[in-house]
Every structure is written in C-alpha cells, then in structure tokens.
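Fold and geometry: a report
One letter stands for each residue in the lines below.
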Amino acid sequence: MKIAVLGGGGTMGGMFGGYLARAGEEVVLIDVSNEAVEAINGRGLVVEAKDGSVASIPIKASSDPSSIGPVDLIINFVKCYSTEAAIRSAQPLIGENTAILTLQNGWGNADRIAAIVGKARVMVGLTYNSGTLLAPGRIKHSGIGMTVVGELDGSASPRLESAVAALRRAGIDTTASPRIVDEIWKKLALNVCTLPTAALLRFPAHELIQHQEMLDLMRGLLAEVAAVARPQGINLDEAERWAAIVALLEKAVGARASMLQDVEAGRRTEIDVVNGAIVDAGRRHSVPTPLNDAMVWLIKSLQSKYLAAKPER
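Calculation rules
Residues numbered from 1 in each chain as written. Predicted model: local features only at pLDDT ≥ 70, side-chain atom pairs only at ≥ 80, totals over all residues. Heavy atoms only, no water. Helix = DSSP H or I, 4+ residues; strand = E, 2+ residues; numbered from the N terminus. Rg over C-alpha atoms; globule rule 2.2 N^0.38 Å. Buried < 20%, exposed > 50% of the residue type's maximum accessible area, 1.4 Å probe, protein only. Contact = heavy atoms within 4.5 Å. Areas by Shrake-Rupley, 256 points an atom, 1.4 Å probe, with all protein chains shown as cover. Lys, Arg positive; Asp, Glu negative; His and termini not counted. Charge placed at Lys NZ, Arg CZ, Asp CG, Glu CD. Phe/Tyr/Trp six-rings, centres within 6.5 Å; stacked < 30°, edge-to-face > 60°. Lys NZ or Arg CZ within 6 Å of the ring centre and 35° of its normal.

**Focus: the overall build of the protein chain**
- The number of helices and strands found in the protein chain is 11 helices and 12 strands.
- Taken against the 2.2 N^0.38 rule, which gives 20 Å for 313 residues, the C-alpha radius of gyration of the protein chain at 19 Å falls within 12% of a compact globule.
- Viewed in the frame of its principal axes, the protein chain has a C-alpha envelope of about 50 × 40 × 40 Å.
- Per-residue burial for the protein chain yields a buried fraction of 54% across its 313 residues.
- Contacts in the protein chain between residues at least 24 apart in sequence constitute 70% of all its contacts with a sequence separation of at least 6.
- Surface accessibility of the protein chain: about 13,800 Å² in total, with carbon and sulfur atoms responsible for 52%.
- In the protein chain, the 32 positive side-chain charges and the 33 negative ones have mean positions that sit 2 Å from each other.

**A short note on the environment of Ala-120**
- With respect to the helices and strands, the residue Ala-120 is situated in the loop between helix H4 (109-117) and strand S8 (122-127).
- Ala-120 sits in the exposed class, given a relative accessible area of 67%.
- For the pair Ala-120 and Ala-99, spaced 21 residues apart in sequence, the C-alpha to C-alpha distance is 8.4 Å.

**Comments concerning the packing of aromatic side chains**
- This model, assessed by the stated rule, comprises 2 aromatic pairs.
- On the numbers, 6.0 Å between centres and 70° between planes, the contact of Trp-107 with Trp-185 is edge-to-face. Highlighted residues: Trp-107 in the loop between strand S7 (94-102) and H4 and Trp-185 in helix H6 (residues 180-201), separated in sequence by 78 residues.
- Take Trp-107: its relative accessible area is 30%, and that puts it in the partly exposed class.
- The positively charged end of Lys-187 is found above the aromatic ring belonging to Tyr-128, 5.6 Å away from the centroid.

Here is the structure:
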C-alpha cells in the first residue's frame, strides 16, 4: 500500500509511518519542518522503544507533496490548528480512490477534512500509543496501546479492512469499530481529564492520581463529558471511563502528556478540540460545562503569555 503520513516529522506520525515502512509498505512522511525532513532522509527515522532499544528505520520524508503523486491512504497526524492547511497542501496526493484517515487528538478534525475533500473520503480513529519527540527525526515510543479505526457511518469497507491489515502488519494493535464515534469520545474523555491538568501543573501522568484534589477535578471534568455525550446519542459509560483513566495513569509512570509537551516547547495547544469540544457541545445542547470552560480559559491564558513572549522569526 502506498501511504503518506501528514505530520510525519512529529512523534505519532513518525512512529506510525516508520512502523508501516519497516513492515514493507511504501511510505512517505510529509512535514513542513525542513529540519525533520533532512534528518530523516539523512539517517532514517530513529525510534527509541520503551525497553531502551534503538532502531533506525529507512524511510522517505518530504516537504513537497507534489513530488509524491497520488497515494492509496493518507494518515493525518498534524495538530488540529494545521488541519485545513495540511489537507489543502496534500491535494497532489489525492487520487480517485485515495482515503484519508485522521488519527488526530480531539473532536472536530473529521468535519474540517470533509469540508475540503468530501465526507466520502474520510475515515476516523484514535490511538492510545504515546511518545515524545526527542529531536528532529528521533522519537521515543513511551506508551503502547490500542488503535481503533472506522468509517464515519459505522460501515465495513474494503479500504477500512486494508488500513487495519496494514497497521497490524506494522505491529500496531488495531481494530475496526462500527461505533467509532463512541470510541473517539472515550479517548476524548481521557484527554479532557488529563491533558490540561498535566499541562497546567507540569505533572507527569502518574502524579495526576496522587492528589485527592486533582482526582476530584478530573471526576468533575469527566462528568461534564458524560453530560454532553448523552443528548448526542454517544454511548459513554462514566464509571467505566473513570476506571480506565485511573488504570492508564497508574501505568504511565513518567509519561508526559502531549499538551504538557506543547506548553514546554512554547507551541500552540489543541485545547480547542479537547476541552473546547466539550464546551461547544454543552452550548449546543444547553448543558453547563463550568470546569471545562475553566480549563479552556486557563490554557489559553497560559498559551497567550508564552506565545506573545516568543521572538519573531
């Protein structure tokens, strides 16, 4: 399968693209960072595994989609605020039967992609794998977990089967779901509780469950997710989600949330498609979301401060 990974110079895009290439797929990593592209083309994609082993995976990287030609599958891992620009720049990659699979964080990216290329091209999913970008072209795969993908309408399709098969060949534990929106909201619930809290307090993942006050806050954030899910017909079991979140944080010793990594690097966060998605849904369905409102306000205030302080290039 010929695959292009948008955001391939980042942690998750590099990880998925690298594993797919190692398994024999024809993969190119697309990224706007010339530094990342040059590093990957020069020495391969370097992946540090959780057990400490290091592998260098030969793989092509490019900042010019027009040099690649049409592909079978585009996997989108760019940050939410770059979605529209990335999809527009990816037009040369799109042939008659090209599908686009978004594995981005949060809720709302599929609609942004569909507005540009049409809903029929879009598949959606999520992953519980996690990692850290150590340097351009070098990543650490720190957390191993399930990846779930699906068609927006819940149907089975040959292209979905092909994507799942390719990911499994790459060693990525993947399953297809007929209720993919429910699965995305399960992951969204995790992110709502853990991303802004870790970013604001600078806590590694496991510290979030070491303080009763933080546990109370996360339970409150989760309750608001469940409250806005119900009127949308989304099946989200609050008790199951809480147990899953605590269990994940117990095992994620030392892991650093993606939003914390963004804050530490002085980058824009994805707060708008995480807690912001809960706030937006609450407004549409007249459900109060005061704790999620507060997370959005706090992260945006912090973000505004450090972005304003960055020197212009």
